[in-house]
Amino acid sequence: MADSNISKRGGFGSKFGIIAAAAGSAIGLGNIWRFPYVAGENGGGAFLLINLACILLIGIPLMLSEFIIGRNAQRNAYGSFKNIAPGSPWRFVGLMGVVTAFVILSFYSTVAGWTMEYVFQSFANGFEGKSPGQLIGMFAEFKGSSWRAVTWQMLFLILTAGIVLAGVQKGIEKYAKILMPLLLVLIIVLCVRSVTLPGAEKGLHFLFHPDFSKVNGSVILEALGQAFFSLSIGMGALITYGSYINKKDNLVSSAVIVSFADTFIAILAGVAIFPAVFAFGINPAEGPELVFITLPNIFLQMPGGYFFSIIFFVLLAVAALTSSISILEVVVAYFVEELNMKRKTATWVATLSSAMIGILCTASQGLIPWLQFGEMNFFDLLDYSSSKILLPFGGFFIALFIGWVMKPKVVIAEMSNNGIFKIPLFKVFQIIVKFIAPAAIALVFLYGIGVIG
Ligand code: PHE
């Protein structure tokens, strides 16, 4: 039965295809927009170190777990839990993933819309002649006072829907394969320009010199949440993609390669951003606008900056697109397989609903000032609740599910492709998913929200 499903559901075509698609999901605004701003707000070096520890200890095993669940069950996030543990409440973990997908897509498309505006500004030479202060003003004015941001956001969501409609192999895989490697090259170029700016050392020091006096529960929870967000784990995006992976492919090596690639790009983004932040006198704790006010300054200081800024923002928008399709796919696969909708209907229903929440996110940046919850506006609230609550909760249950509910025999068979590959670290993996990951997530969460500590 599983095999007839594969042909009906579509799947990834090649080994490079899966890695490109999963890396396409992982690498996105989380690396280039979110990592620098969250690291900046949380003191830099120590945050990076804790973030790396979270990726190694919890992130990679959980990415692998999601692949295992998805490929074994051959279903969407909800259906996978239902298939493997029929009649049990575990399927609600999958349902929580579907809800999380809506939450993330709503604010993710806001930032993707900002990126598209910056593609436009790059073409129009809109940064030319502006001082660092004026570039800050330009961004504030754009995001807070016009419907332009909403228009870009809608355009981005329509593009996302278009690619999801084209199906897994023709849409998702085709684009991811070409564009991800190009993005890497461009970030390296940016790093070179940034570290050769006068005063760049301060930025490198900030990023690589851990100052543990700044670490508290909330910093640790941020570092964990950023690991989840950046690796796309905790909501079933990689369960869904896992269900499209060919039975012959090696899940372990795919998870390791994708996690390393994702982390490498985030660190490169940090190396591109922080030297420039200090060189131009920008506050590293500036918040979600950090990248949008720092990068234009770098481009202005580069020969050929006009062209580089166009290529960079186009690629960033594409990186956002290959991530957002993986988020939308969670909802669409659920609608199609569990609610029996047509793929087309499912895609538009999901896109439209998320557009409605998304508009509120974008508008909460200034257009609708009362969308404020204490210190946070609606955008911040969704950003906060997804990475600090929903994804860690999802990850907690996914670890328990692999560790305690799925039969070890089945897990081993998936990891080794029925004995073809050796899995010398299986015991370590098992201890992590059974005990270490759930305990660490629970402790970090309770400590982070101030319940213990
Ligand atoms: N990992 C993506 C990024 O870094 C965002 C994402 C989160 C995608 C959760 C899927 C699921 O941009």
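So, here is what we can say about the structure in this document. None of the values given here were measured: they were computed from a predicted structure. (Residues numbered from 1 in each chain as written. Predicted model: local features only at pLDDT ≥ 70, side-chain atom pairs only at ≥ 80, totals over all residues. Heavy atoms only, no water.)

Our focus in this paragraph is the environment of Leu316. Structurally, the position occupied by Leu316 is in helix H15 (residues 305–338). Judged by relative accessible area, which is 0%, Leu316 ranks as buried. Linking Leu316 and Ala112, residues 204 residues apart in sequence, is a C-alpha distance of 8.4 Å. What Leu316 contacts, discounting residues up to four positions off in sequence, is Leu29, Ile32, Thr115 and Leu183. (Helix = DSSP H or I, 4+ residues; strand = E, 2+ residues; numbered from the N terminus. Buried < 20%, exposed > 50% of the residue type's maximum accessible area, 1.4 Å probe, protein only. Contact = heavy atoms within 4.5 Å.)

Time to look at the site of the ligand. The local shell around the ligand holds 15 residues, among which Ala26, Gly30, Tyr108, Phe229 and Ser232 are the closest. Here a nitrogen atom of the ligand and a backbone polar atom of Ser25 are 3.3 Å apart. One nitrogen or oxygen atom from the main chain of Gly30 is found 2.8 Å from an oxygen atom belonging to the ligand. Only helix H2 (15–26), helix H3 (29–41), helix H6 (91–123), helix H11 (217–231) and H15 provide two or more residues apiece to the shell around the ligand. Taken together, the residues that form the shell around the ligand break down as seven nonpolar, eight polar and no charged. (Near = heavy atom within 4 Å. Polar contact = N/O pair within 3.5 Å; in protein donor to acceptor, adjacent residues only side chain to side chain. Nonpolar A, V, L, I, M, F, W, Y, C, P; charged D, E, K, R; others polar.)

What follows is about the side chain of Ser109. Position of Ser109 among the secondary structure elements: in helix H6. On the basis of relative accessibility, which here comes to 0%, the residue Ser109 falls in the buried class. From its side chain, Ser109 meets the backbone oxygen of Ser106 in a polar contact 3.1 Å long. Excluding anything up to four places from it in sequence, Ser109 contacts Gln153, Phe156 and Leu157.

Even without being glycine, Asn340 reaches a positive phi, approximately 55°. Among the secondary structure elements, Asn340 is positioned in the loop between H15 and helix H16 (343–363).

With that settled, the discussion passes to the nonpolar core. Ile68, Leu295, Phe312, Phe313 and Phe429 are the most contacted members of the largest nonpolar core, which has 155 residues in total. Broken down by element, this core gets its largest block of residues, 18 residues, from H15. The contact partners of Ile68, leaving out residues within four places of it in the chain, are Leu251, Ile402, Met406, Val411, Glu414, Met415 and Phe429. (Core = buried A, V, L, I, M, F, W, Y, C linked by side-chain atoms within 4.5 Å.)

Considering all chains together, one arrives at 33 aromatic pairs under this definition. Ring centres 6.1 Å apart and planes at 45° place the aromatic pair Tyr108 and Phe229 in the tilted group. Within this pair, whereas Tyr108 is found in helix H6, its partner Phe229 is found in helix H11, the two being separated by 121 residues in sequence. What makes Phe229 buried here is its relative accessible area of 9%. Relative to Phe127, the ring of Tyr118 lies with its centre 5.4 Å away and its plane at 35°, an arrangement referred to as tilted. Each member of the pair Tyr118 and Phe127 is classed as buried. Directly above the aromatic system of Phe229 lies the positively charged group of Arg34, at a separation of 5.2 Å from the ring centroid. (Phe/Tyr/Trp six-rings, centres within 6.5 Å; stacked < 30°, edge-to-face > 60°. Lys NZ or Arg CZ within 6 Å of the ring centre and 35° of its normal.)

Worth remembering: the numbers are spatial, not functional.
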